[in-house]
Amino acid sequence: MGYGHSPFFASWRGAIKFMLRPRYYLLKGYKKYKSGYFKIATLREEYILVSEKGKISELLAAPADVLSFLDISADEIQSRWTLGDSSPWHLGLISGKLTQNIGTMTPGLVKEINFALDRHVGSPSKFTPIALHNVIQKVVAQAVSYAFVGHPLCRDEVYLGNIRAFTRAVRVSAELIRPFPDSMKPYLIRLTPVWRRQKFAEELMHSVVLARLRKTYKAKEAKPVDLLQWLADTAPSRERSVTKFVERLMRMNLAAMHTTTSILTGAVTQVALAPDLYTETLRNEVLPLRENGSITQKTMLHAIKLDSFVREAGRLNPVSMIGLMRVARKEFCFRDGTIIPKGTRLGVPTVAIHQDVSLYPSPEAFDGFRFSKLREEHHNGTMMHEAGSTDLDHLTFGHGKHVCPGRFFATDVMKLVLAVMVVRYDFKMPANTKPRKRYFGEHEIPDFSLRVLVKATGNR
Ligand code: HEM
């Protein structure tokens, strides 16, 4: 898309046009080539984007040594050097232990969310502006850290500041080392911000990680319920060091933090844009579902409007406008005979699928209760239309083999933060304020400068 008719500098022309209007070209390409493929160029790469469902299923079914998921992050964020060893032994802890323990963690998560809101918002008695993205990022950092490393680190402002800065450090460092030969990267990485962040994290976490590694628990002794403990319980011997543990945890922070923050910022923005439509309805759903005055797992399970709201926020705020990215390690042939040469990058225009009018009526509009209405209409006992479920029409968390293993945890954190916020605050947008999204390559960037007005309700 955007290459024009002349063969000269076509891919550069395409790349510049795509850089200026990425969303426009993804929507246009999908509409024009809905039954097949189209090509876009970024300043670094070209992508073949697959639009049709049968072909997307073929992409997902291809073995990892043909279409590789890992090669994308290896290149995009130079992960071998910025994040260290990529062996995925810890992934099962995310889809397993972390997901199974969401219920156990819920009271603690609610406490941390309230603590973070007290710290960063307080209880203003009249409408007061807050820097929304910044506040949400801090609340998410504290909740995620409670689940990952527990107390005392999850309340330590220095630790939290370091993990918040980590995502940016990874991106900047990847760009700094990219132009150099691989042989130089192990040395150059030591001069970059990600190295400093990683070493600082090791310093801050040293005694906590060492204590967990050394402590053996008696049969009836209660163990901490967090990711750090599950890592300590299951890590193979070659992984049992402070450096390796901190690498794992920072890798997980990277996966969890900015994704959850972006979608949740999008969700709260919608409450502030249409307070009459959403605040009371969400609050009135949550309040009666509390148990002994507290939000619990049962509240989360039954609050289907809240769940729908989060799913809709994910639909309209996909962290990457291109999803299911893969690199062809070998030549790959689709069933229709289309040959994808070795080295080609493939992906799916997630943003355009989420805007397909045949899948979502009025797709441009945020309809917070779009999915709860569908759940009420087609109650079939499945997880279809729930915030954490994925299908070829809803790719916020990917789909297939590499579907996000943290999606149930992430949706619960988002629902908990939103529930606590609508119970505690009224929202509105300041006069003449409209959120402005920006686009950079395939990334949608939330409006970091957006301020919304909040006022305490007196509820907690
Ligand atoms: C709203 C928040 C989140 C979003 C939107 C999100 C989205 C995604 C997406 C799109 C993928 C790639 C799927 C693919 O290309 O096939 C992915 C992978 C992954 N996510 Fe998430 N994620 C979120 C939160 C989390 C959290 C909280 C964790 C950890 C607790 C996590 C851990 C991971 C990991 C480890 C992978 C790689 C999976 C693999 O290697 O197979 N994510 N996520």
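Located above this text is the structure these notes cover.
In this report, we go over the structure that sits alongside the text. These figures come from a predicted structure and were not determined experimentally. (Residues numbered from 1 in each chain as written. Predicted model: local features only at pLDDT ≥ 70, side-chain atom pairs only at ≥ 80, totals over all residues. Heavy atoms only, no water.)

**What to know about the layout of surface pockets**
Short version of the rule: Cavity: a set of points on a 1 Å grid over the protein atoms alone where a 1.4 Å probe fits but cannot get out. Pocket: an open set with protein on both sides within 12 Å along at least five of seven lines, its lining residues, like those of a cavity, having an atom within 4 Å of a point. Grid points are joined across faces, edges and corners, and a volume is the space filled by probe spheres set on the points. Helix numbers and strand numbers start at the N terminus; a helix is a DSSP run of H or I with at least 4 residues, a strand a run of E with at least 2.
Looking at the second largest pocket, its volume works out to about 1,100 Å³. Arg168, Arg171, Phe440, His443 and Ile445 are, among the 34 residues lining the second largest pocket, the residues nearest its centre. Mapped onto the lining of the second largest pocket, the elements with two or more residues apiece are helix 1 (10–20), helix 8 (132–149), helix 9 (157–177), helix 13 (242–273) and strand 11 (443–445).

**Structural notes on the coordination of the iron atom of the ligand**
Tetrahedral coordination by four donors places them ideally at 109.5 degrees to one another around the metal; octahedral coordination by six donors ideally gives 90 or 180 degrees. So the rule is basically this: Think of the donor list as every N, O and S atom within 2.8 Å of the metal, or within 3.2 Å for Na, K and Ca; water never makes the list, so a site can look incomplete.
In this structure, the iron atom of the ligand receives exactly one donor atom from the protein: Cys404 (SG), at 2.3 Å. Its location among the elements puts cysteine 404 in the loop between helix 18 (370–377) and helix 19 (407–424).

**A word on the pairing of strand 5 (residues 323–328)**
Quick note on the threshold: Burial status follows relative accessibility: with a 1.4 Å probe on protein chains alone, a residue under 20% of its type maximum counts as buried, one over 50% as exposed, and anything between as partly exposed. Two strands are counted as paired when DSSP detects at least two bridges linking them.
For strand 5, the buried fraction is high: 6 of the 6 residues fall into the buried class. As paired strands, strand 3 (residues 67–68) and strand 5 are joined by 2 bridges and run antiparallel to one another. By the bridge assignment for strand 5, serine 68 is matched with valine 327. Summarising the sheet, strand 5 and strand 8 (residues 345–348) pair through 3 bridges and their orientation is antiparallel. If you follow arginine 326 over to strand 8, its bridge partner there is leucine 346.

**Thoughts on the site of the ligand**
Short version of the rule: Here, proximity means that at least one heavy atom of the residue falls within 4 Å of the molecule or strand. In the analysis that follows, any N or O atom pair within 3.5 Å is treated as a polar contact, provided that within protein one partner can donate a hydrogen and the other can accept it, and provided that, for residues neighboring in sequence, both atoms belong to side chains. Residue classes follow a fixed rule: Ala, Val, Leu, Ile, Met, Phe, Trp, Tyr, Cys and Pro count as nonpolar, while Asp, Glu, Lys and Arg count as charged, and any other residue, Gly among them, counts as polar.
As a structural note, the neighbourhood of the ligand is formed by 23 residues, with Phe69, Leu91, Arg326, His402 and Cys404 the closest of them. In this structure, an oxygen atom belonging to the ligand sits 3.2 Å away from a side-chain N or O atom of arginine 326. Within the residue set of the shell around the ligand, elements represented by two or more residues are helix 6 (91–100), helix 13, strand 5 and helix 19. In terms of residue class, the shell around the ligand is made up of 16 nonpolar, 6 polar and 1 charged.

**Remarks on the nonpolar core**
For the record, the criterion: Residues belong to a common nonpolar core when they are buried Ala, Val, Leu, Ile, Met, Phe, Trp, Tyr or Cys residues joined through side-chain atoms within 4.5 Å. A contact between two residues is defined here by any heavy atoms of the two lying within 4.5 Å.
In this structure, Phe148, Met205, Leu227, Phe309, Leu418 and Phe427 are the most contacted members of the largest nonpolar core, which totals 99 residues. Sequence-distant contacts of phenylalanine 427, that is, excluding residues within four places in its chain, are made with Phe127, Val268, Val271, Ala272, Pro275, Thr279, Met421, Val422, Leu453 and Val454. Residues Ile40, Met325, Ala328 and Val348 belong to the second largest nonpolar core, which totals 35 residues.

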